[in-house]
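Secondary and tertiary structure notes
Here is what each chain is made of, one letter per residue.
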Amino acid sequence: MFEKARSGGRKYWTLVFILIALALAGVFFYLRQLSEGLVITGMGRDVSWGFYISQFTFLVGIAASAVMVVLPYYLHDFKAFGKITILGEFLAISAVSMCILFIFVDMGQPFRIFNVFLHPTPNSMMFWDTVALMGYLLINLFIAWATLGAERKGVAPPAWSKPLIYLSIPWAVSIHTVTAFLYAGIPGRHLWLTAIMAARFLASAFASGPALLILLCMVVRRHTRFDPGREPIQALAKIVAYAMTANLFFIGLEFFTAYYSGIPGHRHSLEYLFFGLDGRYGLVPFMWTSIGLAVLALALLINPSTRHNERWLATGAAAVFFSTWLDKGLGLVVGGFIPTPFESITEYTPTVAELIISLGVWSLGFLILTLLYKITVSVREEASR
Amino acid sequence: MKLDKNYELNRREFLKNAARLGISVAGAGAAIEVVFGDDVLAASSALSPAAVRWAMVVDMTKCTRKTDCIDCMAACHLVHNVPAIENKRHEIKWIWKEPFINAFPEQRDGRLRSGLAQTDFIVLCNHCDNPPCVRVCPTKATWKRPDGIVMMDMHRCIGCRYCMAACPYGSRSFNWMDPRKVLDEKTINREYPTRTKGVVEKCDFCAERIDHGRLPVCVEACSERALMFGNLSDSRSEVSALLAGRFAIRRKPELGTRPEVYYIV
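Residue numbers run consecutively from 1 along every chain, following the written order of its sequence. Both sets of labels track the order of writing: A upward for chains, 1 upward for ligands. The model is predicted, so local features are restricted to residues of pLDDT at least 70 and side-chain atom pairs to those at 80 or more, both for listing and for counting; the totals for chains, interfaces and linings are taken over all residues.

Looking at unusual backbone geometry
Backbone torsion omega between A:Ile338 and A:Pro339 reads -5°, so that peptide bond is classified as cis. Runs of H or I in DSSP of at least four residues are treated as helices and runs of E of at least two as strands, each being numbered from the N terminus. Its place among the elements puts A:Pro339 in the loop between α13 (310-336) and α14 (352-384). Not every positive phi belongs to a glycine, and B:Asn81 is a case in point at roughly 55°. You can see B:Asn81 is positioned in the loop between α4 (71-79) and β2 (95-99). To assign burial, the other C-beta atoms lying within 10 Å of each residue's own C-beta are counted, with C-beta atoms placed from the backbone; 20 or more indicates buried, 12 or fewer indicates exposed, and intermediate counts indicate partly exposed. We classify B:Asn81 as buried; it has 21 C-beta atoms within 10 Å. A positive phi is found at B:Arg161, a non-glycine position, where the angle reads about 65°. Here B:Arg161 is to be found in the loop between β5 (150-152) and α7 (162-166).

Describing the pairing of strand β3 (residues 120-124) of chain B
Residues and elements named next belong to chain B. Counting buried positions over the five residues of β3 gives four, a clear majority of the element. Sheet analysis places β2 next to β3, joined by five bridges and oriented antiparallel. If you follow Glu-98 over to β3, its bridge partner there is Phe-121. For two strands to be treated as a pair, DSSP must find no fewer than two bridges joining them.

Brief notes about the sheet that holds strand β8 (residues 227-231) of chain B
All names here are of chain B. The mixed open sheet is built from four strands, whose spatial order is β8-β1-β10-β9. The strands lining the two open edges of the sheet, one partner per strand, are β8 and β9 (248-249). Sheet topology note: the strand β1 (residues 54-59)/β8 ladder contains five bridges and is antiparallel. The partner of Ala-55 across the bridge, within β8, is Gly-230. Throughout, a pair of residues is in contact if the C-beta atoms placed from their backbones lie within 7 Å. Angular values range over 0 to 180 degrees, each being the angle between N-to-C directions of two axes fitted as lines to C-alpha atoms, with helices fitted over their stretch in contact. Along the sheet face, helix α10 (residues 238-245) touches β1, β8, β9 and β10 (261-264) and points at about 115° away from the line of β8.

Focus on the interface of chain B and chain A
In this complex, chain B contributes 39 residues to the contact, which on the side of chain A involves 31 residues. The set of elements that each furnish at least two residues to the side of chain B that touches chain A consists of α5 (100-103), α6 (132-136), α7 and β6 (173-174) of chain B. With four residues, α7(B) is the single largest residue contributor to the side of chain B that touches chain A. Ten residue types, Ala, Val, Leu, Ile, Met, Phe, Trp, Tyr, Cys and Pro, are classed as nonpolar, four, Asp, Glu, Lys and Arg, as charged, and the remainder, Gly among them, as polar. Taken together, the residues of the side of chain B that touches chain A break down into 20 nonpolar, nine polar and 10 charged.

Some remarks on the environment of B:Ser237
Among the secondary structure elements, B:Ser237 is positioned in the loop between β8 and α10. Distance in space between the C-alpha atoms of B:Ser237 and B:Val123 is 22 Å, their sequence separation being 114 residues.

Right, here's the structure in full:
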């Protein structure tokens with residue numbers, strides 16, 4: 001089926017080349033990082049994880065969200081999602097690829113990464129996260145390729161794909177749960193030491209992933225002859241509305257426990273993120289932008305008249321995406337390191353090199369997505385001819 | 001003034017009595033724990049009955065005698081080829097000073113003995129009995145020896161820095177750049193490896209010296225004998241006796257990490 005990605009119109013090739021160029025810019029700066037070390041990033045001994053690990057954490061959510069189309073379609077026979085499950089699975093594949101790349105670029109000694117498999121360590125959550133992510137990537141590759149191949153030939157998907165699809169449902173939940181456990185099991189980082197971390201991760205995942213999928217469906221409809229249809233997009237919108245409500249509710253719960261208990265350590269990180277601590281306000285505007293976007297998104301998505309209007313729906317979906325990105329792809333990881341174990345404050349600002357490397361990874365992920373969607377769309381266009 | 005003196009006397013008397021009591025029941029570890037709580041002999045209690053349990057006692061009453069003293073730090077960093085990096089973000093530190101309220105942040109709110117808040121305390125890896133860094137490491141590059149020393153294999157470390165996120169004491173340093181570029185060629189200790197960029201490192205209680213019957217280099221370097229090192233599982237060791245007689249605190253014991261560096265304040 002790969003040949004489908006080798007032929008396309010002008011718009012397709014323009015997009016592909018832009019993404020390749022951005023990815024190459026990332027590679028260029030990564031080579032510099034490889035020779036000079038992570039010194040070229042904004043990280044340091046106090047904030048020792050930054051933009052890379054934040055992107056990884058956010059993208060695990062995008063990857064996990066495929067379950068939001070797979071589950072209704074396969075477990076509840078919700079036919080409207082039949083046309084877009086493959087789009088969800090391919091989005092998951094591209095997101096997991098980005099996750100793995102973000103972990104890779106964050107390593108101090110990337111060529112030793114196989115030590116994780118040479119010396120498997122079951123007591124480390126990072127070991128389990130690696131296993132979960134690799135497994136999820138493989139499962140989705142097999143499922144998506146088999147179902148698309150079958151569709152092309154006009155036959156039913158192979159029998160072995162069914163159990164794999166059922167397995168992919170709890171597996172999707174597991175990747176984000178284990179990613180939450182990376183943080184939620186660490187003593188002394190109060191922002192992360194919360195039992196609802198996994199629940200928060202899943203809620204924000206099921207909001208941000210389907211929100212992105214809504215936008216992608218709209219793009220596909222506009223630029224190709226494949227129309228995912230109105231019904232699945234509206235169904236996704238409802239999922240996003242519910243998940244985003246839960247996400248905001250969970251954030252409120254964190255505030256209650258931290259502030260009502262009055263325990264200083266539990267309050268400090270939230271205080272730094274939202275109100276500033278000891279005269280440092282670095283992330284405050286970003287966090288309130290996130291909250292503002294979340295409120296706007298809920299207003300647009302809960303209200304049926306705006307939800308049914310696709311222009312407002314697109315605005316709401318974009319607001320959800322950027323709101324959760326600011327919350328998880330920026331505040332959550334960095335906020336955990338502020339204040340430091342010495343209760344001092346070191347702020348973090350990513351460097352240009354770090355941002356370009358990150359943009360490179362995102363571009364590579366979207367390149368994978370573009371190629372996979374191109375193949376899908378070509379198969380569908382052929383079938384409808 | 002007089003009141004203060006009385007208070008001092010009472011405190012000293014109390015400590016003396018407590019010490020006597022402590023020594024008299026030195027054979028029965030449980031009794032000591034009743035007297036002093038979890039802060040003493042936790043490591044050599046039922047939780048880890050190892051024959052050898054290395055620990056350090058920092059006597060701050062002695063440590064503060066000389067102002068601006070950096071003997072222990074200088075000796076350690078020289079012997080272990082720790083580079084002196086100017087940029088605070090990229091610093092490598094094995095043993096250094098932090099003001100009391102930073103080393104013990106949970107104590108910062110109350111009224112403290114005058115001058116204590118800004119008194120510099122010696123901090124280093126606590127060689128926890130229940131180390132979170134070891135728990136999270138995905139490659140076993142950091143592990144705990146049976147004698148309690150938390151070790152670091154800088155050849156296996158992949159530089160993921162999960163251990164740095166997990167350490168509640170900020171005791172771990174990452175080589176953000178090639179440390180050999182900063183090290184002075186002439187002062188490099190050929191007996192101890194230099195590191196590459198991209199790996200984590202920290203104090204190893206001078207395992208390489210202890211195994212040859214020598215004391216950690218920081219302990220040797222301290223002219224005030226403020227740093228004591230010894231076996232907590234041996235009730236007759238110097239550190240055991242010291243802790244049995246004096247009130248000592250540990251950093252963040254509420255996290256259950258069971259740190260093995262004690263501070264006499």
